[in-house]
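An overview of the molecular structure
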Amino acid sequence: MKSLIAGNWKMNGLRADSMALIEALKAKAAGSAPGCDVLVCPPSILIANAMAAVAGNPITVGGQDCHAEDKGAFTGDIAAAMLADFGCSHVIVGHSERRRDHAENDAQVAAKAAAAHRAGLVAIVCLGESAEEREQGRAAQVVTGQLAGSLPPSANGANTVVAYEPIWAIGTGKVATPGDVAEIHDVLRAELVSILESQGEAVRLLYGGSVNAANAHELLRVPHVNGALVGGASLKPDDFWTIVEAAPH
Ligand code: PEP
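Residues numbered from 1 in each chain as written. Predicted model: local features only at pLDDT ≥ 70, side-chain atom pairs only at ≥ 80, totals over all residues. Heavy atoms only, no water.

For the chain, the count of helices and strands is 10 helices and eight strands. For 249 residues, the compact-globule estimate of 2.2 N^0.38 gives 18 Å, and the chain sits close to it at 17 Å. With respect to the principal axes defined by its C-alpha atoms, the chain has extents near 45 × 45 × 35 Å. For the chain, the residues scored as buried account for 51% of the 249 residues in total. For the chain, contacts bridging at least 24 residues in sequence account for 73% of all contacts bridging at least 6. Per element, the accessible surface of the chain, about 10,600 Å² overall, is 54% carbon and sulfur. Of the side chains in the chain, 18 bear a positive and 27 a negative charge, and the two mean positions are spaced by 4 Å. (Helix = DSSP H or I, 4+ residues; strand = E, 2+ residues; numbered from the N terminus. Rg over C-alpha atoms; globule rule 2.2 N^0.38 Å. Buried < 20%, exposed > 50% of the residue type's maximum accessible area, 1.4 Å probe, protein only. Contact = heavy atoms within 4.5 Å. Areas by Shrake-Rupley, 256 points an atom, 1.4 Å probe, with all protein chains shown as cover. Lys, Arg positive; Asp, Glu negative; His and termini not counted. Charge placed at Lys NZ, Arg CZ, Asp CG, Glu CD.)

Here is the structure:
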(Lines give C-alpha, C1' and ligand atoms only; values in the text may rest on other atoms or scores of the structure.)
Protein backbone atom coordinates (compact mmCIF):
# COMPACT_ATOMS: atom_id res chain seq x y z
CA MET A 1 0.00 0.00 0.00
CA LYS A 2 1.37 3.44 -0.96
CA SER A 3 2.23 5.52 2.11
CA LEU A 4 0.57 8.84 2.91
CA ILE A 5 2.56 11.56 4.64
CA ALA A 6 0.22 14.28 5.85
CA GLY A 7 1.25 17.57 7.43
CA ASN A 8 -1.13 19.20 9.91
CA TRP A 9 -0.11 22.85 10.10
CA LYS A 10 -2.69 23.52 12.84
CA MET A 11 -3.17 27.26 13.62
CA ASN A 12 0.30 28.29 12.50
CA GLY A 13 1.63 30.70 9.93
CA LEU A 14 0.48 33.93 8.35
CA ARG A 15 -0.02 34.03 4.60
CA ALA A 16 3.62 34.80 3.80
CA ASP A 17 4.89 32.00 6.08
CA SER A 18 2.55 29.45 4.57
CA MET A 19 3.37 30.46 1.03
CA ALA A 20 7.09 30.23 1.79
CA LEU A 21 6.53 26.77 3.25
CA ILE A 22 4.55 25.56 0.26
CA GLU A 23 7.07 26.99 -2.20
CA ALA A 24 9.87 25.20 -0.35
CA LEU A 25 7.94 21.91 -0.51
CA LYS A 26 7.20 22.42 -4.20
CA ALA A 27 10.89 22.93 -4.89
CA LYS A 28 11.67 19.71 -3.06
CA ALA A 29 8.99 17.79 -4.98
CA ALA A 30 10.40 19.15 -8.24
CA GLY A 31 13.87 17.96 -7.23
CA SER A 32 12.82 14.41 -6.35
CA ALA A 33 9.29 13.20 -7.06
CA PRO A 34 7.82 11.74 -3.85
CA GLY A 35 7.39 7.98 -3.73
CA CYS A 36 4.38 8.39 -1.45
CA ASP A 37 1.28 10.57 -1.36
CA VAL A 38 1.95 13.96 0.21
CA LEU A 39 -0.76 16.08 1.80
CA VAL A 40 -0.62 19.41 3.59
CA CYS A 41 -3.46 20.69 5.76
CA PRO A 42 -3.11 24.47 6.19
CA PRO A 43 -5.42 26.68 8.24
CA SER A 44 -8.67 26.89 6.25
CA ILE A 45 -8.24 30.57 5.41
CA LEU A 46 -5.05 29.70 3.52
CA ILE A 47 -6.40 26.72 1.58
CA ALA A 48 -7.23 28.73 -1.55
CA ASN A 49 -3.71 30.17 -1.70
CA ALA A 50 -2.14 26.78 -1.01
CA MET A 51 -4.28 25.13 -3.67
CA ALA A 52 -3.30 27.72 -6.28
CA ALA A 53 0.36 27.26 -5.36
CA VAL A 54 0.38 23.46 -5.73
CA ALA A 55 -1.35 23.41 -9.13
CA GLY A 56 0.44 20.87 -11.33
CA ASN A 57 2.43 19.54 -8.38
CA PRO A 58 1.97 16.12 -6.70
CA ILE A 59 1.40 17.79 -3.30
CA THR A 60 -2.28 17.76 -2.34
CA VAL A 61 -4.17 19.96 0.12
CA GLY A 62 -6.65 19.06 2.85
CA GLY A 63 -8.68 20.63 5.63
CA GLN A 64 -8.14 20.29 9.37
CA ASP A 65 -11.82 19.90 10.25
CA CYS A 66 -15.31 20.11 8.76
CA HIS A 67 -18.85 20.40 10.09
CA ALA A 68 -21.10 17.35 10.28
CA GLU A 69 -23.91 19.12 8.40
CA ASP A 70 -23.73 20.01 4.72
CA LYS A 71 -24.76 23.66 5.23
CA GLY A 72 -26.69 25.93 7.55
CA ALA A 73 -26.56 28.25 10.52
CA PHE A 74 -23.22 27.17 11.99
CA THR A 75 -21.25 30.37 12.47
CA GLY A 76 -17.53 29.98 11.98
CA ASP A 77 -17.70 26.40 10.72
CA ILE A 78 -16.72 25.01 7.34
CA ALA A 79 -18.66 22.43 5.33
CA ALA A 80 -16.89 19.49 3.73
CA ALA A 81 -18.38 20.52 0.37
CA MET A 82 -16.63 23.91 0.73
CA LEU A 83 -13.28 22.15 1.16
CA ALA A 84 -14.01 19.95 -1.84
CA ASP A 85 -15.07 23.01 -3.85
CA PHE A 86 -11.62 24.52 -3.25
CA GLY A 87 -9.94 21.32 -4.47
CA CYS A 88 -9.18 19.61 -1.16
CA SER A 89 -8.83 15.84 -1.31
CA HIS A 90 -8.84 15.04 2.42
CA VAL A 91 -10.05 16.40 5.73
CA ILE A 92 -8.83 15.56 9.23
CA VAL A 93 -11.65 14.76 11.66
CA GLY A 94 -11.52 13.95 15.35
CA HIS A 95 -8.04 15.29 16.03
CA SER A 96 -7.39 15.05 19.76
CA GLU A 97 -7.10 18.84 19.99
CA ARG A 98 -10.66 19.12 18.65
CA ARG A 99 -11.88 16.30 20.86
CA ARG A 100 -10.30 18.15 23.83
CA ASP A 101 -10.98 21.82 22.98
CA HIS A 102 -14.35 21.42 21.27
CA ALA A 103 -15.60 18.42 23.26
CA GLU A 104 -16.07 16.34 20.14
CA ASN A 105 -17.10 12.77 20.85
CA ASP A 106 -16.92 9.66 18.68
CA ALA A 107 -20.47 10.08 17.34
CA GLN A 108 -19.72 13.63 16.22
CA VAL A 109 -16.48 12.50 14.62
CA ALA A 110 -18.37 9.78 12.74
CA ALA A 111 -20.91 12.39 11.58
CA LYS A 112 -18.08 14.61 10.33
CA ALA A 113 -16.48 11.69 8.50
CA ALA A 114 -19.84 10.91 6.89
CA ALA A 115 -20.11 14.57 5.80
CA ALA A 116 -16.62 14.32 4.30
CA HIS A 117 -17.66 11.22 2.36
CA ARG A 118 -20.83 12.90 1.05
CA ALA A 119 -18.59 15.68 -0.29
CA GLY A 120 -16.24 13.21 -1.95
CA LEU A 121 -13.40 13.78 0.50
CA VAL A 122 -11.20 11.23 2.20
CA ALA A 123 -11.73 11.48 5.97
CA ILE A 124 -8.61 11.14 8.12
CA VAL A 125 -10.16 9.86 11.34
CA CYS A 126 -7.90 10.48 14.36
CA LEU A 127 -7.90 8.55 17.60
CA GLY A 128 -5.54 7.75 20.43
CA GLU A 129 -5.34 7.11 24.14
CA SER A 130 -4.32 9.50 26.93
CA ALA A 131 -1.25 8.95 29.12
CA GLU A 132 -3.53 7.86 31.97
CA GLU A 133 -5.34 5.31 29.81
CA ARG A 134 -2.01 3.88 28.65
CA GLU A 135 -0.72 3.66 32.24
CA GLN A 136 -3.87 1.77 33.16
CA GLY A 137 -3.13 -0.74 30.39
CA ARG A 138 -6.27 0.30 28.49
CA ALA A 139 -4.71 1.74 25.29
CA ALA A 140 -5.90 -1.05 22.97
CA GLN A 141 -9.38 -1.08 24.48
CA VAL A 142 -9.70 2.71 24.20
CA VAL A 143 -8.61 2.93 20.55
CA THR A 144 -10.80 0.04 19.40
CA GLY A 145 -13.77 1.72 21.09
CA GLN A 146 -12.93 5.03 19.43
CA LEU A 147 -12.58 3.33 16.05
CA ALA A 148 -15.91 1.56 16.29
CA GLY A 149 -17.61 4.80 17.37
CA SER A 150 -15.88 7.15 14.92
CA LEU A 151 -16.33 5.26 11.63
CA PRO A 152 -19.57 6.04 9.78
CA PRO A 153 -21.41 3.36 7.76
CA SER A 154 -20.11 5.06 4.58
CA ALA A 155 -16.46 4.27 5.44
CA ASN A 156 -14.45 2.14 3.05
CA GLY A 157 -10.83 1.61 2.10
CA ALA A 158 -10.82 4.40 -0.48
CA ASN A 159 -12.54 7.17 1.46
CA THR A 160 -11.12 6.66 4.95
CA VAL A 161 -7.71 6.88 6.57
CA VAL A 162 -7.24 6.20 10.28
CA ALA A 163 -4.55 8.04 12.23
CA TYR A 164 -3.40 6.58 15.54
CA GLU A 165 -2.15 9.51 17.58
CA PRO A 166 -1.50 8.78 21.25
CA ILE A 167 -2.37 12.05 22.98
CA TRP A 168 0.71 11.95 25.17
CA ALA A 169 2.94 11.86 22.08
CA ILE A 170 1.41 14.85 20.27
CA GLY A 171 3.65 17.90 20.33
CA THR A 172 5.53 16.59 23.34
CA GLY A 173 8.62 15.07 21.74
CA LYS A 174 7.64 11.77 23.43
CA VAL A 175 7.37 9.19 20.68
CA ALA A 176 5.65 5.86 21.01
CA THR A 177 8.17 3.05 20.67
CA PRO A 178 8.00 0.99 17.47
CA GLY A 179 6.77 -1.85 19.69
CA ASP A 180 3.90 0.26 21.08
CA VAL A 181 2.98 1.40 17.58
CA ALA A 182 3.12 -2.16 16.23
CA GLU A 183 0.84 -3.44 18.97
CA ILE A 184 -1.81 -0.75 18.48
CA HIS A 185 -1.70 -0.81 14.68
CA ASP A 186 -2.11 -4.57 14.76
CA VAL A 187 -5.17 -4.20 16.98
CA LEU A 188 -6.57 -1.41 14.79
CA ARG A 189 -6.08 -3.41 11.59
CA ALA A 190 -7.91 -6.38 13.12
CA GLU A 191 -10.74 -4.11 14.27
CA LEU A 192 -10.94 -2.44 10.85
CA VAL A 193 -11.31 -5.85 9.22
CA SER A 194 -13.91 -6.86 11.76
CA ILE A 195 -15.94 -3.68 11.07
CA LEU A 196 -15.37 -3.22 7.33
CA GLU A 197 -14.51 -6.80 6.31
CA SER A 198 -12.25 -6.86 3.22
CA GLN A 199 -12.36 -3.03 2.98
CA GLY A 200 -10.64 -2.91 6.35
CA GLU A 201 -7.42 -4.16 4.77
CA ALA A 202 -7.40 -1.20 2.36
CA VAL A 203 -7.73 1.58 4.96
CA ARG A 204 -4.42 3.36 5.42
CA LEU A 205 -3.31 3.46 9.05
CA LEU A 206 -1.12 6.44 9.91
CA TYR A 207 0.94 6.97 13.03
CA GLY A 208 1.11 10.49 14.49
CA GLY A 209 2.85 11.91 17.54
CA SER A 210 6.24 13.64 17.46
CA VAL A 211 7.25 12.08 14.13
CA ASN A 212 10.40 13.84 13.00
CA ALA A 213 13.25 13.56 10.51
CA ALA A 214 15.23 11.31 12.86
CA ASN A 215 12.57 8.76 13.85
CA ALA A 216 10.45 8.58 10.67
CA HIS A 217 12.44 5.86 8.91
CA GLU A 218 11.97 3.38 11.74
CA LEU A 219 8.34 4.25 12.52
CA LEU A 220 7.31 4.06 8.87
CA ARG A 221 8.58 0.47 8.70
CA VAL A 222 6.47 -0.82 11.58
CA PRO A 223 3.93 -3.39 10.31
CA HIS A 224 0.54 -1.85 9.47
CA VAL A 225 1.96 1.69 9.46
CA ASN A 226 0.98 3.14 6.10
CA GLY A 227 2.20 6.67 6.64
CA ALA A 228 2.35 9.47 9.17
CA LEU A 229 0.35 12.46 10.35
CA VAL A 230 2.94 15.09 11.19
CA GLY A 231 2.39 18.23 13.26
CA GLY A 232 5.40 20.28 14.35
CA ALA A 233 7.86 18.83 11.83
CA SER A 234 5.49 19.61 8.94
CA LEU A 235 6.23 23.32 9.44
CA LYS A 236 9.92 22.75 8.64
CA PRO A 237 10.30 21.95 4.93
CA ASP A 238 13.63 20.14 5.28
CA ASP A 239 12.33 17.94 8.10
CA PHE A 240 8.98 17.28 6.43
CA TRP A 241 10.67 16.30 3.19
CA THR A 242 13.06 13.99 5.02
CA ILE A 243 9.95 12.25 6.42
CA VAL A 244 8.42 12.08 2.92
CA GLU A 245 11.62 10.52 1.59
CA ALA A 246 11.77 8.07 4.51
CA ALA A 247 8.44 6.51 3.51
CA PRO A 248 8.86 3.02 2.07
CA HIS A 249 8.06 2.81 -1.65
C1 PEP B 1 -0.61 16.09 15.34
O2 PEP B 1 -1.04 17.01 16.00
O3 PEP B 1 -1.35 15.51 14.52
C4 PEP B 1 0.77 15.69 15.56
C5 PEP B 1 1.10 14.48 15.23
O6 PEP B 1 1.60 16.62 16.11
P7 PEP B 1 3.18 16.46 16.39
O8 PEP B 1 3.79 15.80 15.18
O9 PEP B 1 3.67 17.85 16.59
O10 PEP B 1 3.31 15.61 17.60
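Before going further, it helps to spend a moment on the site of the ligand. Taken together, 14 residues lie near the ligand, and Lys10, His95, Glu165, Gly171 and Ser210 sit nearest. Within the backbone of Ser210, a nitrogen or oxygen atom sits 2.7 Å from an oxygen atom of the ligand. Here the ligand loses 95% of its free accessible area of 290 Å² to cover by the protein chains. Of the pockets mapped on this structure, the ligand occupies the second largest pocket. Broken down by class, the residue content of the shell around the ligand amounts to four nonpolar, eight polar and two charged. (Near = heavy atom within 4 Å. Polar contact = N/O pair within 3.5 Å; in protein donor to acceptor, adjacent residues only side chain to side chain. 1 Å grid on protein atoms, 1.4 Å probe; cavity = no way out; pocket = protein on both sides within 12 Å on 5 of 7 lines; lining within 4 Å. Sits in = over half its atoms within 2 Å of the grid points. Nonpolar A, V, L, I, M, F, W, Y, C, P; charged D, E, K, R; others polar.)

The subject of this paragraph is empty space enclosed by the protein. Taken as a whole, this structure holds one cavity of 30 Å³ or more when the rule is applied. Volume-wise, the largest cavity comes out at about 40 Å³. Lining the largest cavity, in full, are Gly94, His95, Ser96, Arg99, Cys126, Leu127, Gly128, Gln146, Glu165 and Ile167. Elements represented by at least two residues in the lining of the largest cavity include exactly α4 (96-101) and β5 (122-127). (Points joined across faces, edges and corners; volume = space filled by probe spheres on them.)

Further remarks concern helix α1 (residues 15-31). For α1, which comprises 17 residues, the first-to-last C-alpha distance of 24 Å matches the rise-based estimate of 24 Å (1.5 Å per residue) to within 8%. Along α1, the residues that are buried comprise Ser18, Met19, Leu21, Ile22, Leu25 and Ala29. The arc that holds the buried residues of α1, viewed along the axis, is 160 degrees, so those residues lie on one side. Pointing more than 90 degrees away from the buried face of α1 are the exposed residues Ala16, Ala30 and Gly31. (Expected span 1.5 Å × (residues − 1). Arc of directions from axis to C-beta.)

A few words on the layout of surface pockets. Looking at the largest pocket, its volume works out to about 580 Å³. Here the lining of the largest pocket gets three residues from one element, more than from any other, and that element is α4. Of the residues in the lining of the largest pocket, the class split is eight nonpolar, eight polar and six charged. In this structure, the second largest pocket occupies an estimated 230 Å³ of space. For the second largest pocket, the lining is made up of 19 residues, of which Gly171, Ser210, Gly231, Gly232 and Ala233 are closest to its centre. Partitioned by chemical class, the residues of the lining of the second largest pocket number seven nonpolar, 10 polar and two charged.

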